[in-house]
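Letter by letter, the chains look like this.
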Amino acid sequence: MDVQKTTINAIRVLSAEAIEKAKSGHPGLPLGCAPIAYTLYQYFLKFNPNNATWQDRDRFILSAGHGSMLDYSLLYLYRFGLTKEDLMSFRQFGSKTPGHPEYGHTVGVETTTGPLGQGIATAVGMALAEANLSARFNKDGFPVVDHYTYVLCGDGCLEEGISYEACSFAGANKLGKLILFYDDNEITIEGNTDCTFTENVGARFAAQNWQVQHVDLRIDPDDVQSLKTAIENAKACSDKPSIIICHTKIGYGSPLVGSEKCHGAPLGAENLRLTKEKLEWPCEEPFDCPEEVFSHCKTACDRGVVANAEWSAMMINYQNEYPELYAQYTALMNGDMPNFDEIAGLYDYEKPMATRQTSAKVLNTIAPYVPALIGGSADLAPSNLSDMKDTNETVYGDFSWSNYAGRNIHFGIREHAMAAMANGMQLHGGMRAYCSTFFVFSDYCKHSIRLSALMKQPVTYIFTHDSIGVGEDGPTHQPVEQLIMLRSIPGLKVYRPADGKETSAAWVSALSGNEPTAIVLTRQALPQYENSGKDALKGGYVLADCEGTPDVLLLATGSEVELCMTAKVALEDQGVKARVVSMPCFEEFEKQTEEYKESVIPSSVTARVCVEAGSSYSWYKYAGTNGEILAMDTFGASGPANVLFKEFGFTVGNVVLKAYQSMEKSK
């Protein structure tokens, strides 16, 4: 038996059998890419299946996540804990083998993929993290952080704009430990790529400062030696990321080879039989595999076990030689956070400030206490105020190929890749990633934000210039529907603070939790409130109350809290008792007990006014039957912010009027 060839075919056959049994899936990629995956796992990938989260493991990302059975076949053969039964339950409810790879669901899956291009951009974030941490912690003789990030993608990933953004960043920053395999099979769902994708991919990547190599697997589909040589060359090139363009045949071995018909549908029982015959597969029963294959794969597993043990032994010596660095590294990898209540000045504010300014103050107050913090902006740091400032350039300096230890990242005008890279940094470990842009451009980040929530990765998103308060830039730059868009994502916290202390609470919540957080901030100055503060951690609280039971509740977030505070005074001058409720984070408020929520928004008080310079859709639950909503259900306009707020009805007089209208309905 040629065990190498049989192992490659095992990946092919197991994948095709699982897809056939599920009557659903994508066999074309596993059949064509099996030799690529085999060569990587068998001869290069540094992993320990007994310790799948070993910190210095290599990362493998299947960016073309629709080919998930390739991943699962590898995880099965290389002993990550998947069983034959897991393969047999591919794409079934509750199985460990879902339709696309899911982080946290299947051991060995490094990130959730499926939305094309996301895997590439996430991998760039992982490679960035490796470069940063190695620069901060490695010493001569102590390669504490020393691993590669490998990615497998297809045409679809490279057609998505996010891949261009991410790969441009990787090339500009010379991320030499990033290696991308491109499955160039010239087929998409609609047919040959000639109809949509005719560019010279090698020239494109060369222009982005990548090393480019080609491996032709069309003549010899199992040319492991050429693949090995290409990977060795890629690893030898330390100052450029590498792309290995693998010319393959989709669906190799099957009667549907070279056809789009094998991209996203099972081969069919007869075609599967013919495929196994073509590949000279020795097993008759489905999902059976020769014992020699498992023994062969075990040699790679054993290599990783030894590497892990050697790394652990080195870390003992590192601790003795560099105890402070060891303690810092361990704290970062454990995700340790300080006691924020002990940080002096965190909630100290006096003069009116834009919440983007208070966010900058918080960021720079906590930065010395959270060395894991790393992030930046999509070319808007002077406006987002999102950089960490320090005279020591090696601490908070700019991340670049000449200073990988820097923690301020210039993402460039690449919002989508920026958000996915933040996911990659967070997934890597040792990082508390944040990124920033104008709030209206959160649309560009949306899918990556969704994956942050799906993977439960506590990335912090700083979105400034909220609402029509942006002013003269006009409706293209004035967010209206973005708040409801973000609030609709399960598992994402959305904070829109009203002042400095609420902004501090938003940051504390973001850094203390295990889910992503979006912090939405103003361009214009807002007052500081005496009674605001840590209650914002509850998501909603009584900012200003009245004697006895209120006649009307005034609920708002962000800049519109000021309107409600002033309207409260006006109403009380007219004998109306009003309570102002600040609601900086709906998600945190909904986590509170029913008793607490009732104490803040009593069900007996049905006269309510909800005020927010965004879509009204967020507020119907809190407005109730008799409530009034003052919101934006049209686009904005170009003009000074104070004029726009007046023109669109955000005035004290209008809040007072709506209070009376709601009280009338409540009679």
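Below: a short report on this structure. (Residues numbered from 1 in each chain as written. Predicted model: local features only at pLDDT ≥ 70, side-chain atom pairs only at ≥ 80, totals over all residues. Heavy atoms only, no water.)

**Points about the overall build of the protein**
Rule in force here: Counting from the N terminus, the helices are the DSSP runs of H or I reaching at least four residues and the strands are the DSSP runs of E reaching at least two. With C-alpha atoms as the basis for the radius of gyration, the globule rule is written as 2.2 Å multiplied by the number of residues raised to the power 0.38. Per-residue accessibility, obtained with a 1.4 Å probe over protein chains only, is compared with the maximum for each type, and a residue is labelled buried under 20%, exposed over 50%, and partly exposed between these values.
For the protein, the helix and strand inventory stands at 25 helices and 20 strands. Whereas a compact globule of 667 residues would reach a radius of gyration of roughly 26 Å, the protein reaches 28 Å, a difference of no more than 12%. Considering only C-alpha atoms, the protein reaches an extent of 95 × 60 × 45 Å along its principal axes. Evaluated residue by residue, the protein yields a buried proportion of 63% over its 667 residues.

**Thoughts on the packing of helix α2 (residues 28-43) against helix α9 (residues 224-236)**
The criterion, for reference: A fitted line through C-alpha atoms represents every axis, and for helices the fit uses only the stretch in contact; the resulting angles, taken between N-to-C directions, go from 0 to 180 degrees. Angular relationships are summarised with four words: roughly parallel below 35 degrees, roughly antiparallel beyond 145, roughly perpendicular across 65 to 115, and oblique for the angles in between. Helix crossings fall into two classes, left-handed where the near helix is turned counterclockwise from the far one by less than a right angle and right-handed where it is turned clockwise. By definition in these notes, contact holds between two residues if any of their heavy atoms fall within 4.5 Å. Gly counts as polar in this scheme, as do all residues outside two lists: the nonpolar Ala, Val, Leu, Ile, Met, Phe, Trp, Tyr, Cys and Pro, and the charged Asp, Glu, Lys and Arg.
Relative orientation of the contacting elements α2 and α9 amounts to 60 degrees, with a least axis distance of 10 Å. With respect to each other, α2 and α9 are oriented oblique. The interaxial crossing formed by α2 with α9 has right-handed handedness. For the pair formed by α2 and α9, the contact residues are Pro35, Ile36, Tyr38, Thr39 and Tyr43 on the first element and Val224, Leu227, Lys228 and Ile231 on the second. Each residue belonging to the contact of α2 with α9 can be placed in one class, and the counts come to seven nonpolar, one polar and one charged.

**Digging into empty space enclosed by the protein**
This is how the line gets drawn: For each structure, a 1 Å grid was placed over the protein atoms alone; sets of points admitting a 1.4 Å probe that cannot get out are labelled cavities, open sets with protein on both sides within 12 Å along at least five of seven lines are labelled pockets, and lining residues have an atom within 4 Å of a point. Grid points are joined across faces, edges and corners, and a volume is the space filled by probe spheres set on the points.
Inspection of the entire model under this criterion finds three cavities of 30 Å³ or more. The computed volume of the largest cavity comes to approximately 50 Å³. The wall of the largest cavity is formed by Phe439, Asp466, Ser467, Pro479, Val480, Gln482, Leu483, Arg496, Ala613 and Gly614. Here the lining of the largest cavity is composed, by residue class, of five nonpolar, three polar and two charged.

**Focus on the layout of surface pockets**
The volume enclosed by the largest pocket comes to roughly 760 Å³. Lining the largest pocket are 42 residues, with Tyr103, Gln426, Leu427, His428 and Gly429 positioned closest to its centre. Mapped by element, the contributors of at least two residues to the lining of the largest pocket are β1 (59-62), α12 (323-334) and α16 (415-428). Ranked by residues supplied to the lining of the largest pocket, first place goes to α12 with five residues. For the lining of the largest pocket, the residue count by class is 20 nonpolar, 16 polar and six charged. By volume, the second largest pocket is sized at about 250 Å³. Of all the secondary structure elements, the ones that give two or more residues to the lining of the second largest pocket are α6 (155-159) and β4 (187-188). Looking at which element gives the most residues to the lining of the second largest pocket, the answer is α6, with three residues.

**Notes on the sheet that holds strand β7 (residues 242-247)**
Selection criterion: Strands are treated as partners if at least two bridges between them are detected by DSSP.
Taking strand neighbours across the sheet as the criterion, the five strands line up as β1-β2-β3-β7-β6 in an open arrangement whose pairing is parallel. Of all strands in the sheet, those bounded by a partner on one side alone are β1 and β6 (211-216). Here the average twist between neighbouring strands, direction ignored, is 20 degrees. Across six bridges, strand β3 (residues 178-184) lies against β7 in parallel orientation. Bridge pairing links Tyr182 to Ile245 in β7. Across the sheet, helix α3 (residues 68-77) lies against β1 and β2 (149-154), angled at about 145 degrees from β1, the strand it touches most. Against the sheet, α9 makes contact with β2, β3, β6 and β7, and its axis sits at roughly 175 degrees relative to β6, the strand it touches most.

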